[in-house]
Amino acid sequence: MPASKKIQTSIERSSFIRKMFEEGDRRRAQYGAENVFDFSLGNPSLEPPAKFKQVLKELVNDPTPRQHGYMSNAGFPDTRQAVANYLSNYNKQTFAPDNIIITVGAGGGLNVVLKTILNPGEEVVIPGPYFVEYNFYLDNHQGVPKVVNTSADFSLDLEAIEGAINERTRAVLINSPHNPTGKVYSEGEIKGLGELLTNNSRKFGQPIYIISDEPYRKIVFDGITVPSIFDAYNESFVVTSFSKDLSLAGERIGYAAANPDISDRDMISAGMILCNRIIGFVNAPALMQRAIPYLLEESVDTSLYEKKRDMLCEGLSSCGYEFIKPGGTFYLFPRSPIEDDVAFVAELQEENILTVPGSGFGGPGNFRIAFCVSDSTIEKALPGFERVIKRFKK
Ligand SMILES: Cc1ncc(COP(=O)(O)O)c(C=O)c1O
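No experiment lies behind these values; they were computed from the predicted model shown. (Residues numbered from 1 in each chain as written. Predicted model: local features only at pLDDT ≥ 70, side-chain atom pairs only at ≥ 80, totals over all residues. Heavy atoms only, no water.)

Student: Is there a simple way to explain the overall build of the protein chain in this structure?
Tutor: Within the protein chain one finds 14 helices and 12 strands. The C-alpha radius of gyration of the protein chain comes to 21 Å, within 12% of the 21 Å expected for a compact globule of 394 residues. In terms of overall dimensions, the protein chain has a C-alpha envelope of 60 × 55 × 55 Å along the principal axes. When the 394 residues of the protein chain are sorted by exposure, 55% land in the buried category. Taking contacts inside the protein chain between residues at least 6 apart in sequence as the whole, the part at least 24 apart equals 75%. (Helix = DSSP H or I, 4+ residues; strand = E, 2+ residues; numbered from the N terminus. Rg over C-alpha atoms; globule rule 2.2 N^0.38 Å. Buried < 20%, exposed > 50% of the residue type's maximum accessible area, 1.4 Å probe, protein only. Contact = heavy atoms within 4.5 Å.)

This is the structure:
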């Protein structure tokens, strides 16, 4: 048997996006790449800001020795200090380098935080629909997902979250701006969640953490701001990356920050540093770490994603699709006009439009369109979207 039974099952469970990938390749070969409209992956379409390349050139030519060697598992002190300063400017707390570890993307950071806090069999509450990798990340550290529904507009259902909490609950894992719905939680929702967890931490005699996964924090529209988790709740971690806002997804660079007011701060910090090492990352890529201090205030031009959102939303709504307009990210999560979202996505495929069924995100009855594609891909795909919905809606 080439792979373990568990991994074979996981391969099957994670097959939606993989199948879409393979189908995309097959269709590109058959119809030509320009005739396939691939909305299946959250791979940013914009180039990184020009400053990224300038900074890299300077760093590559820096003659200081040992620039590419190992460093502290937590990351270069200067990079951690720069992130700490940045977070101190945008939150009420004052951050120090020991609150920060530089990670291999947000995915790496989430694994580090989960490994640091989870005892085997402990539960993490996740509002659904959700980024499906969370199941695997939890399983990596013997955690158990407890998925709860969100409200019809994808806002947090605090009652449902409270109903899922028990003595085994270790954390609530939220993601805002949200993949796959584009939802941005309001200040009221975050404050409400903080109060709820303060009460339940007291009730169960140990902190129930918020882990806030925020790689899309800067990709917001209509002047929305994303409220601070740190300001709302002490027992909190924020995990993020530069994958989406700087379009550096392949460079694998991000960070995890613990609230300076978290309980047992030193133990948490030591745990995160150890976990970053022993998961096998050892440290985040050195060259990227050295670039980050110069790029913390930078971002791709998010108005370009906003324009894509508007084109797509206007086009789809005018032919009868229903959805909650995203406040951020580059995802739209419309209702499938038929109950079976997998069947609907297959219908779209016949028009060479590749999307992902909501079932793949614990959100059946919807489908995800990743609009991090060129404007012309959106424009050219709209007639196909219209032909398909017309078959189902009179
Ligand atoms: C919600 C969410 N969290 C985490 C990640 C992982 O980000 P990274 O590529 O920085 O590891 C993604 C990537 O798509 C995501 O959508």
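After presenting the structure, the write-up continues.
Student: Where do I start with the layout of surface pockets in this structure?
Tutor: Quantified by volume, the largest pocket comes out at close to 850 Å³. Lining the largest pocket are 40 residues, and of these Phe 131, Glu 133, Tyr 137, Asn 179 and Lys 244 lie nearest its centre. Counting only elements with at least two residues in the lining of the largest pocket, the list comes to α2 (15-31), α5 (105-117) and α6 (133-140). In the lining of the largest pocket, the residues fall into 18 nonpolar, 15 polar and seven charged. If you add up the space inside the second largest pocket, you get close to 530 Å³. Residue lining of the second largest pocket: 26 residues in total, with Tyr 90, Asn 91, Arg 217, Val 226 and Ser 228 positioned closest to the centre. Mapped onto the lining of the second largest pocket, the elements with two or more residues apiece are α4 (77-90), α8 (187-204), α9 (229-232) and β7 (236-241). No other element matches the four residues that α9 contributes to the lining of the second largest pocket. Class assignment for the residues of the lining of the second largest pocket results in 13 nonpolar, four polar and nine charged. (1 Å grid on protein atoms, 1.4 Å probe; cavity = no way out; pocket = protein on both sides within 12 Å on 5 of 7 lines; lining within 4 Å. Points joined across faces, edges and corners; volume = space filled by probe spheres on them. Nonpolar A, V, L, I, M, F, W, Y, C, P; charged D, E, K, R; others polar.)

Student: Hey, could you run me through the pairing of strand β4 (residues 144-149) in this one?
Tutor: Side-chain positions along a regular strand alternate between the two faces of the sheet. Relative to β4, strand β3 (residues 123-128) runs parallel, the two sharing six bridges. Residue pairing for β4: Glu 123 is matched across the bridge by Val 144. (Pairing = 2+ DSSP bridges.)

Student: Please explain the side chain of Gln 349 as it appears in this structure.
Tutor: Along the polypeptide, Gln 349 turns up in helix α13 (residues 341-349). Excluding residues that lie within four positions of it along the chain, Gln 349 makes contacts with Met 20, Glu 23, Arg 27 and Leu 354.

Student: Even after reading the chapter, I still don't get the pattern of salt bridges, so can you show me in this structure?
Tutor: Two side chains with opposite charge may pair up if their charged atoms get near one another. Inspection of the entire model under this criterion finds 25 salt bridges. Residues Glu 167 and Arg 168 are paired through a salt bridge, measuring 3.5 Å at the closest nitrogen-oxygen approach. For Arg 168, a relative accessible area of 39% puts it in the partly exposed group. (Salt bridge = Lys/Arg side-chain N within 4 Å of Asp/Glu carboxyl O.)

Student: For this particular structure, what's the right way to read the side chain of Arg 80?
Tutor: With respect to the secondary-structure elements, Arg 80 resides in helix α4. Asp 98 is the oppositely charged side chain nearest to the buried, salt-bridge-free Arg 80, at an N-O distance of 6.2 Å. In this structure, Arg 80 is in contact with Ser 72, Ala 74, Gly 75, Pro 97, Asp 98, Ile 100, Ile 102 and Ile 273, ignoring residues within four places of it in sequence. (Lys, Arg positive; Asp, Glu negative; His and termini not counted.)

Student: I would appreciate a short explanation of the nonpolar core in the present structure.
Tutor: Here is a general trend for soluble globular proteins: nonpolar side chains tend to be buried in one another's company. In this structure, Ile 100, Ile 161, Ile 174, Leu 197 and Tyr 255 are the most contacted members of the largest nonpolar core, which totals 44 residues. Sort the elements by how many residues they give to this core and α4 lands first, with five residues. Formed by 35 residues, the second largest nonpolar core is a distinct cluster that contains Tyr 216, Phe 330, Tyr 331 and Ala 370. (Core = buried A, V, L, I, M, F, W, Y, C linked by side-chain atoms within 4.5 Å.)

Student: Honestly, the site of the ligand in this entry has me stumped. Any pointers?
Tutor: Taken together, 14 residues lie near the ligand, and Asp 213, Tyr 216, Ser 241, Ser 243 and Arg 252 sit nearest. Contacts to the ligand include Ala 106, whose backbone N or O atom sits 2.8 Å from an oxygen atom. Residue Arg 252 places a side-chain N or O atom 2.7 Å away from an oxygen atom belonging to the ligand. Bound to the protein, the ligand loses 91% of the 390 Å² it would expose on its own. The pocket occupied by the ligand, as judged from atoms lying within 2 Å of grid points, is the largest pocket. When grouped by side-chain class, the residues that make up the shell around the ligand number five nonpolar, six polar and three charged. (Near = heavy atom within 4 Å. Polar contact = N/O pair within 3.5 Å; in protein donor to acceptor, adjacent residues only side chain to side chain. Areas by Shrake-Rupley, 256 points an atom, 1.4 Å probe, with all protein chains shown as cover. Sits in = over half its atoms within 2 Å of the grid points.)

Student: Is there a simple way to explain the sheet that holds strand β5 (residues 169-175) in this structure?
Tutor: Two strands in a sheet stick together by hydrogen bonds in their backbones, pointing the same way (parallel) or opposite ways (antiparallel). The seven strands lie next to each other as β2-β8-β7-β6-β5-β3-β4, forming an open sheet whose pairing is mixed. Edge positions in the open sheet fall to β2 (100-103) and β4, since each of these has one partner strand only. The mean inter-strand angle of the sheet, taken between neighbouring strand axes irrespective of direction, is 20°. As paired strands, β2 and strand β8 (residues 254-258) are joined by four bridges and run antiparallel to one another. Bridge pairing links Thr 103 to Gly 254 in β8. Sheet strands in contact with α4 are β2 and β8, and its direction is about 115° off that of β2. Sitting on the sheet, α8 touches β5 and β6 (209-213), and the angle it makes with β5 is about 175°. (Axes fitted to C-alpha atoms, helices over the stretch in contact; angles between N-to-C directions.)

Just geometry here; none of it tells us what the structure is for.
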